[in-house]
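Structure assessment
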Amino acid sequence: MEPLSSYFLLSLVLLAIGIYGLIAKRNAIRLLFAVEIIINSATINFVAFSRYLQQPVITGQTFSLFAIALAATEAAVGLAIIVQAFRLNKDIDVLELKRLKG
Amino acid sequence: MAKLDIPLILIGALASAALLIPALDVGLGKVRNAKFSAYFTMLILAFALLILTIGGLGLVTLDSSVPNLLQNDLLGVFFGFVVILVALLVTVASFDYMKDNPNVSIYYSFLLFTSLGMVVLSFAVDLLMIFVAWELMSLPTFILAGFMKKDKLSNEAAVKYFILGALSSGILLYGMSIIFGLSGSTNLNVVLNALTDLSPNMIPVAGFGAVMLIAGFGLKLSIVPFHMWIPDAYEGAPTTVSALLSAATKKAGFVAAIRVFAVIFPLLRFDLSMSLAIIAIATMTLGNLAALTQKSMTRMLAYSSIAQGGYLLIGLVVLPTSPLGLSGLLYHSLNHALLQATAFIAVAAFRHKTSKTSISSYNGLARVMPITAFSLMISLLGLVGIPPLNGFWSKLVLFTAAADGGFAWLALGGLVNSAISLGYYGIIVKRMYMDEPTEKVSIKESFPFTAVLLIASMIIILTGIFPGPVYEFASRASIQFLSGI
């Protein structure tokens, strides 16, 4: 198999794992992990495309650096919110969060 | 004519103010800075609005120093105007609403950061810039939604909003990576040129990328089936923040969607407008039907916001076939932003005084809080589209565009939905003006709320009686954008 398709396959598998995690898991930290996996699968895409295109360009690698930095900030904000949820509820099971109901 | 680099000026002004405000906590002390930061935020946003107005009136040549990243065009100026106007209204409404919060300067700082993200998003024409601006817009709103950190409801709203918001950026990033892989560039204009000679066996991959982009944007634009988090997030978050989320953040999402889809859709060589039209009708029908059964005011407004997103989507459906589509979308964005912000701010004023949100507590509000009741009535009637108000004209343009672009059934669906929406908006007006109040005490309305509500209602009525200038601005912006692609 040529390298680009194997990298693309890897990123597709990671994307599928991430989406599965979001659907199946109930722990807020696990959901955060699942989202991070999705972002990383896109990052792999960027780096692989950037290297194996007909005319290799640096843009994809720049983009992946930005994506990594932004994923880190997102994780920081998310963890802060989840820690506060734990302090208030003594639990971070998202299915137990059902005070807001119509 | 003088040249004006609007994005650069706004980035400088908003970012420096947002960074300065928390630092002043040390210099001025928390209590004095709470007052100072509120007025300072208002001044900066008013300055930004002034710059955008100058740009929109055509008094200066629009010029950008980084045209590959930020394109200084009328579309960006229009949406920048919308989001900054909403941010200004929300800031003034927050004077009283956030008064007792100990970290109020941080609140205003995040308000400026998210406004900055939305403004940059309005001008961005590079996928990298769009993604960075998207995050800059989203991250502060996660924190703002959970700003009442001891309040379990606010925290729950923040958790739900955060998970879905982070998923939206992840999916969006994946879609962008596929577009980059197919075209070898992130600049939308280059992407357009590179994708025109796409080999036919790559079309399925491009279609997959487009679906990912629709899902990523759709989570923010609250279109069915990605709308589940909206009512929870809007109900739990501080109501002024809900005003910002529904009126401004969603509009900024729309401008990014317009810029990306205008490039991607023509290149796919299969028609996505039919599936978008089905999403549009599903969004408005589901939003309206769910709103009918709500018991809480903020929840009802959240569902109505979903329904209005469906109307806006009509503009995106007919973007390739009718020139009216984009101007209708722009025009309705401004009107809907104003109406929705006014409605949420009125609800915030009521919630601040009584800490009640149920619809039954609005009985006889006209006698207890006359100004709040009046502006709530104006904004709700505007959302239905009653003729002298601005919501009527923009819905007219949108539905005409739908019929013009070959989607007559979509226009008909929109009309039926407007009739349904009168059911739940009308019942609120009836409760406020016809019913007896439960408690016969009159509540003193605080000054910042009455000021912002009266000004917003004035704008709604005036732009309804004289719709010309705003519509002309919207159509100039859309003509300039459509001639550029």
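Conventions adopted
Residues numbered from 1 in each chain as written. Chains lettered and ligands numbered in written order. Predicted model: local features only at pLDDT ≥ 70, side-chain atom pairs only at ≥ 80, totals over all residues. Heavy atoms only, no water. Core = buried A, V, L, I, M, F, W, Y, C linked by side-chain atoms within 4.5 Å. Buried < 20%, exposed > 50% of the residue type's maximum accessible area, 1.4 Å probe, protein only. Helix = DSSP H or I, 4+ residues; strand = E, 2+ residues; numbered from the N terminus. Domains from an automatic or database assignment. Contact = heavy atoms within 4.5 Å. Phe/Tyr/Trp six-rings, centres within 6.5 Å; stacked < 30°, edge-to-face > 60°. Lys NZ or Arg CZ within 6 Å of the ring centre and 35° of its normal. Salt bridge = Lys/Arg side-chain N within 4 Å of Asp/Glu carboxyl O. Polar contact = N/O pair within 3.5 Å; in protein donor to acceptor, adjacent residues only side chain to side chain. Nonpolar A, V, L, I, M, F, W, Y, C, P; charged D, E, K, R; others polar. Expected span 1.5 Å × (residues − 1). Bend = angle between axes of the 7 residues up to and from the residue.

1. Focus: the nonpolar core
Residue and element names in this part refer to chain B.
- One finds Phe 217 and Leu 410 to be the most contacted residues of the largest nonpolar core, which totals 219 residues.
- Element by element, the count of residues in this core is highest for helix α3 (residues 74–97), at 19 residues.
- Two domains each donate at least three residues to this core, and these are domain 1 (1–269) and domain 2 (271–485).
- For Leu 410, the residues in contact, after removing those within four places along its chain, are Ala 277, Ala 280, Ile 281, Met 284, Ile 314, Val 317 and Ala 402.

2. A short note on the packing of aromatic side chains
- For the structure shown, the criterion picks out 25 aromatic pairs over all chains.
- Look at Phe 78 of chain B and Phe 79 of chain B: their rings are 6.0 Å apart centre to centre, the planes differ by 75°, and that puts the pair in the edge-to-face class. The pair formed by Phe 78 of chain B and Phe 79 of chain B is uniform in burial state, with each residue classed as buried.
- Each ring, one from Tyr 424 of chain B and one from Tyr 425 of chain B, has its centre 4.5 Å from the other, and the planes form 50°; the classification is tilted. In this structure, Tyr 424 of chain B and Tyr 425 of chain B share a single accessibility class: buried.
- Linked through ring pairs, Phe 46 and Phe 63 of chain A together with Phe 131 and Phe 180 of chain B together constitute an aromatic cluster.
- Over the ring of Tyr 52 of chain A we find Arg 51 of chain A; its NZ or CZ atom is 5.0 Å from the centre of that ring.

3. Overview of the domain arrangement of chain B
Residue and element names in this part refer to chain B.
- For chain B, the domain assignment lists domain 1 (1–269) and domain 2 (271–485).
- For domain 1 versus domain 2, the separation of C-alpha centres amounts to 21 Å.
- Each side of the interface is counted separately: domain 1 has 46 residues, and domain 2 has 48 residues.
- Applying the counting rule to domain 1 against domain 2 returns two salt bridges.
- With its nearest N and O atoms 2.7 Å apart, the salt bridge here joins Glu 235 to Arg 299.
- Our enumeration of links across domain 1 and domain 2 arrives at ten residue pairs in polar contact (both at pLDDT 80 or more).
- Listed by contribution, the elements that provide at least two residues to the side of domain 1 that touches domain 2 are α2 (30–57), α3, α8 (203–221), α9 (229–236) and α10 (239–264).
- Of all the elements, α3 adds the most residues to the side of domain 1 that touches domain 2, at 16 residues.
- For the side of domain 1 that touches domain 2, a count of residues per class yields 32 nonpolar, seven polar and seven charged.

4. Observations regarding the interface of chain B and chain A
- Of the residues lining the interface, 43 residues belong to chain B; the matching set on chain A comes to 42 residues.
- The tally of links between chain B and chain A comes to zero salt bridges.
- For the interface between chain B and chain A, the tally reads seven residue pairs in polar contact (both at pLDDT 80 or more).
- When residues of the side of chain B that touches chain A are traced back to their parent elements, those giving at least two are α5 (127–145), α6 (152–183), α8 and α9 of chain B.
- Of the residues contributing to the side of chain B that touches chain A, the split by class is 24 nonpolar, nine polar and ten charged.

5. A look at the side chain of Asn 417 of chain B
Residue and element names in this part refer to chain B.
- Note on placement: Asn 417 falls in helix α17 (residues 408–433).
- Reaching out from Asn 417, the side chain makes a polar contact with the side chain of Asn 288 at a distance of 2.9 Å.
- For Asn 417, the residues in contact, after removing those within four places along its chain, are Met 284, Thr 285, Asn 288 and Tyr 311.

6. A short note on the side chain of His 336 of chain B
- Looking at the element boundaries, His 336 of chain B is found in helix α13 (residues 323–354).
- Leaving out residues up to four positions away in the same chain, His 336 of chain B has contacts with Ser 246, Lys 251, Ser 305, Gln 308, Leu 312, Ala 341 and Leu 383 of chain B.

7. Considering the pattern of salt bridges
Residue and element names in this part refer to chain B.
- Tallying each qualifying case throughout the model produces nine salt bridges over all chains.
- Among the salt bridges present, the one from Asp 232 reaches Arg 299, with a minimum N-O distance of 3.2 Å. Of this pair, Asp 232 sits in helix α9 while Arg 299 sits in helix α12 (residues 297–317), and the two are 67 residues apart along the sequence.
- Look at the salt bridges and you will find they share partners, linking Glu 156, Lys 160, Asp 232, Glu 235 and Arg 299 into a network.

8. With respect to α10 of chain B
Residues and elements named next belong to chain B.
- The end-to-end C-alpha separation of α10 is 36 Å, in line with the 38 Å expected for 26 residues at 1.5 Å each.
- The largest bend in α10 amounts to roughly 35° and is located at Leu 245.
- In terms of burial, α10 is largely enclosed, as 26 of its 26 residues are buried.

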